[in-house]
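Reading the structure
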Amino acid sequence: MRGCADEHTPALLFEVCVAKKAEPNVKDARRIAFDVLTRVDEGGYSDLVLDAALEANPGLDPRDRALATELVYGVLRRRGNLDFILKAYSRQPLKKLQPKVLRLLRLGIYQLCYLDRIPDRAVVHSMVELARRCGLERVSGLVNGVLRSYLREPNRVVWPDPRRDTQGWLEHGLSLPHWLAQRWLVQYGAEGAMALAESQLSAPPVTVRVNTLKMTRNAFVAQLKQRDIAAEPTRFAPEGVVLPHAGDLQRLPGREEGWYQVQDEASMLIAHLLSVEPGQRLLDGCAAPGGKTTHLAALTDNRSEILALDLHSQRLEILQQGAKRLGCQQIRTLACDMTQPCEDLSAGGFDRVLIDAPCSGLGVLRRNPESRWRRKQTDIKVLAKTQRQILHQAAELVVPGGLLLYSLCTTTPEESTAVVADFLAHHPMYVQVNLANRVPKHWEGLFDDDGQLVTRTGEHGPMDCFFAAGFYRQPECSF
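All values derive from a computational prediction rather than experimental measurement.

1. Quick notes on the packing of helix H2 (residues 29-41) against helix H3 (residues 46-55)
The geometry of a pair of packed helices is captured by two quantities: the angle between their axes and the separation between those axes. One way to put it is that H2 packs onto H3 with a least axis distance of 9 Å and a crossing angle of 145 degrees. By crossing handedness, the relation of H2 to H3 is classed as right-handed. Every residue of H3 that contacts H2 at Ile32, Val36, Arg39 and Val40 is listed here: Ser46, Val49, Leu50 and Ala53. Taken together, the residues that form the contact of H2 with H3 break down as six nonpolar, one polar and one charged.

Have a look at this one:
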């Protein structure tokens, strides 16, 4: 799950592309990780490429599957940190190294620094052999030399002092791009920025939403207990279950039967904020891949009409497949650009409208680690403009007395509070809702003084960083 809707290439098309590229022969974990990282550098998305690579190697030992996964996500999360280490041992500037060579070195240094269950000699040997198997025989000596130099002289790396040079520590110690380290330092202060950066380096928990159209959370947990699968209920979302051991996701019963949907707890909160009731007409304006859409269907017990929109029809096909698996009914899909008026939509016709808008995704960097290196500072202004356009179109679709909810998985004020202020300034028929008044009392700590949902990884447990604001359309106002 990517959290928010995004502007990326349709996921279905990309999965097909990856499947065509996947080689049928069985590979070891390090070769799989190298190939996946190569495709990510070429523009792929780590979760899709890794899933396709693992599916192409069904006979891979579970421990090797886990290692390949660890290597891919670990190297992507810590790329800045790994490059800082490598600079101390490489005779050539890293920018002058071939991308394949730099990829090998990052894989090797990551294992030596962050994986303690593999002997150092085995790591060096395996990376030299991998260089040869990848057709890089001529650089195998370089790989061997750099990794052995690190083992002989680990103190050659001089880390920035977190107190005296917090900016440097955020960049090199906690692996943030320069612009984001600078931004978080201003936004959260030294302590808050470091805490958030550290949280985005950790592997996210595996969390699933129990599909209440099929069973209760207690019944699902009982099914897991029978299979000796550890599970814990989420703190806030009433349907959520956390799996302490990530590998247990492969063992979960009921996937094809539609018992659950993989979804972060913060994402599960969004549908609840709409306070939906059976019989209402609902619109999900940026719906694919459909986690929140299907949640709305479950909350209304399949007794509400739901229209799901997305820019890409291929992504809506994924939503439809998921809805069918989960037993969700009365969901209709429509390909539509929400930045423009849509002729197929009737103005003022929906009781609840959800806009889970395309955003920078800075709140889910641990899940989409390549984003920290792809996303640029200039993207934020462009995305905020798109968000304002989408909300402007959505404003015309809510019935008087209805609710419009705006949500994102990011941390920037430009995309959150600034967009909210702009919306209220240009749409006087709407007033902001204090969302804290619409939820259970123990949720209160998740909201700011304006009643906006603001979750932060670490501060609010293991959930992702999300933002949400609600707008009520006053009955006395009309277009």
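2. Remarks on the side chain of Glu370
Along the chain, Glu370 falls in the loop between strand E8 (350-356) and helix H15 (371-374). Buried and without a salt bridge, Glu370 has Arg374 as its closest oppositely charged side chain, separated by 4.5 Å. A polar contact is formed between the side chain of Glu370 and the side chain of Ser46, at a distance of 2.8 Å. What Glu370 contacts, discounting residues up to four positions off in sequence, is Val40, Gly44, Tyr45, Ser46 and Leu76.

3. Remarks on the UniProt feature "binding site: S-adenosyl-L-methionine" (unreviewed entry) in the protein chain
When the UniProt feature table is mapped onto this chain, "binding site: S-adenosyl-L-methionine" (unreviewed entry) is found at Cys286, Ala287, Ala288, Pro289, Gly290, Gly291, Lys292, Asp310, Asp337 and Asp356. Looking at the secondary structure, you find Pro289 in the loop between strand E5 (281-284) and helix H13 (291-299). You can call Pro289 partly exposed: its relative accessible area is 44%. What Pro289 contacts, discounting residues up to four positions off in sequence, is Arg315, Ile318 and Leu319. Structurally, Asp337 can be placed in the loop between strand E7 (331-335) and E8. Side-chain polar atoms of Asp337 contact the side chain of Thr339, separated by 2.7 Å.

4. Observations regarding the pairing of strand E1 (residues 206-210)
Among the five residues of E1, five are classified as buried, and the element is accordingly described as predominantly covered. Residues Val206, Val208 and Val210 line one face of E1 and the alternating positions Thr207 and Arg209 line the opposite face, and both faces are buried. Here four bridges tie E1 to strand E3 (residues 240-243), and the two strands are oriented antiparallel to one another. Looking at the pairing, Val206 lines up with Leu243 of E3. The pairing of E1 with strand E4 (residues 260-262) spans three bridges and is classified as antiparallel. Bridge pairing links Val210 to Tyr260 in E4.

5. Structural notes on the pairing of strand E6 (residues 305-310)
Look at any regular strand and the pattern is simple: side chains alternate between the two faces of the sheet. Taken across its six residues, E6 has five buried, putting it largely inside the fold. Looking at chain direction, E5 and E6 are connected through four bridges and run parallel. Within the sheet, the bridge partner assigned to Leu283 lies in E6 and is Leu307. Pairing of E6 with E7 involves five bridges; the strand directions are parallel. Paired with Asp310 across the strands is Ala335, a residue of E7. Following the backbone out of E6, through helix H14 (residues 313-326) and into the adjacent parallel E7, one traces a crossover that is right-handed.

6. Quick notes on the confidence of the model for the protein chain
For the protein chain, the average pLDDT comes to 92, and 93% of its residues sit at 70 or higher. Note that pLDDT drops below 50 for residues 1-26; the model gives that stretch 62 contacts with residues more than four away or on any other chain.

7. Considering the packing of helix H5 (residues 79-87) against helix H9 (residues 166-173)
It is at 7 Å that the axes of H5 and H9 come closest, and there the two elements cross at 95 degrees. Here H5 is positioned roughly perpendicular relative to H9, judged by the angle of their axes. Residues Gly80, Asn81 and Phe84 of H5 form the contact with H9, whose own contacting residues are Glu171, His172 and Gly173. Within the contact of H5 with H9, the residues separate by chemical class into one nonpolar, four polar and one charged.

8. A short note on the domain arrangement of the protein chain
Along its sequence, the protein chain is carved into domain 1 (10-156), domain 2 (166-199), domain 3 (206-262) and domain 4 (265-473). Using only C-alpha atoms to locate each centre, domain 2 and domain 4 end up separated by 28 Å. Every contact between the two is made by 12 residues of domain 2 and, on the other side, 16 residues of domain 4. A combined buried area of about 1,200 Å² lies between domain 2 and domain 4, and 57% of that area is made up of carbon and sulfur atoms. Looking only at domain 2, the three residues that lose the most surface to domain 4 are Trp179, Arg183 and Ser199, adding up to 44% of its buried area.

9. Overview of the nonpolar core
Counting residues in hydrophobic clusters, the biggest one holds 70 residues, and the most contacted among them are Leu273, Val353, Ile355, Leu404, Tyr406, Phe447 and Leu453. Once residues lying within four places of it in the same chain are set aside, the contact partners of Phe447 are Leu273, Leu435, Ala436, Val439, Gln452 and Leu453.

10. Some remarks on the packing of aromatic side chains
Aromatic rings in a pair are described by how distant their centres are and how their planes are angled relative to each other. Per the stated rule, a full pass over the model turns up seven aromatic pairs. Ring centres 5.2 Å apart and planes at 35 degrees place the aromatic pair Phe84 and Trp159 in the tilted group. One end of the pair, Phe84, is in helix H5; the other, Trp159, is in the loop between helix H8 (140-152) and H9, and 75 residues separate them in sequence. By relative accessible area, Phe84 is classed as buried at 18%. Chaining the aromatic ring pairs together yields one cluster made of Phe84, Trp159 and Trp169. For Arg78, the ring lying beneath its charged end belongs to Tyr114, and the centroid distance is 4.1 Å. If you follow Arg281 out to its NZ or CZ, it ends over the ring of Phe350, 4.4 Å from the centre.

Scoring rules and cut-offs
- Residues numbered from 1 in each chain as written.
- Predicted model: local features only at pLDDT ≥ 70, side-chain atom pairs only at ≥ 80, totals over all residues.
- Heavy atoms only, no water.
- Axes fitted to C-alpha atoms, helices over the stretch in contact; angles between N-to-C directions.
- Helix = DSSP H or I, 4+ residues; strand = E, 2+ residues; numbered from the N terminus.
- Left-handed = near helix turned anticlockwise from the far one by under 90°.
- Contact = heavy atoms within 4.5 Å.
- Nonpolar A, V, L, I, M, F, W, Y, C, P; charged D, E, K, R; others polar.
- Buried < 20%, exposed > 50% of the residue type's maximum accessible area, 1.4 Å probe, protein only.
- Lys, Arg positive; Asp, Glu negative; His and termini not counted.
- Salt bridge = Lys/Arg side-chain N within 4 Å of Asp/Glu carboxyl O.
- Polar contact = N/O pair within 3.5 Å; in protein donor to acceptor, adjacent residues only side chain to side chain.
- UniProt positions renumbered as here; feature names shortened; annotations may be inferred.
- Pairing = 2+ DSSP bridges.
- Right-handed = clockwise from strand over helix to strand, strands pointing away.
- pLDDT = per-residue confidence, 0-100.
- Parallel < 35°, antiparallel > 145°, perpendicular 65-115°, else oblique.
- Domains from an automatic or database assignment.
- Buried area = accessible area lost by both parts, 1.4 Å probe.
- Core = buried A, V, L, I, M, F, W, Y, C linked by side-chain atoms within 4.5 Å.
- Phe/Tyr/Trp six-rings, centres within 6.5 Å; stacked < 30°, edge-to-face > 60°.
- Lys NZ or Arg CZ within 6 Å of the ring centre and 35° of its normal.

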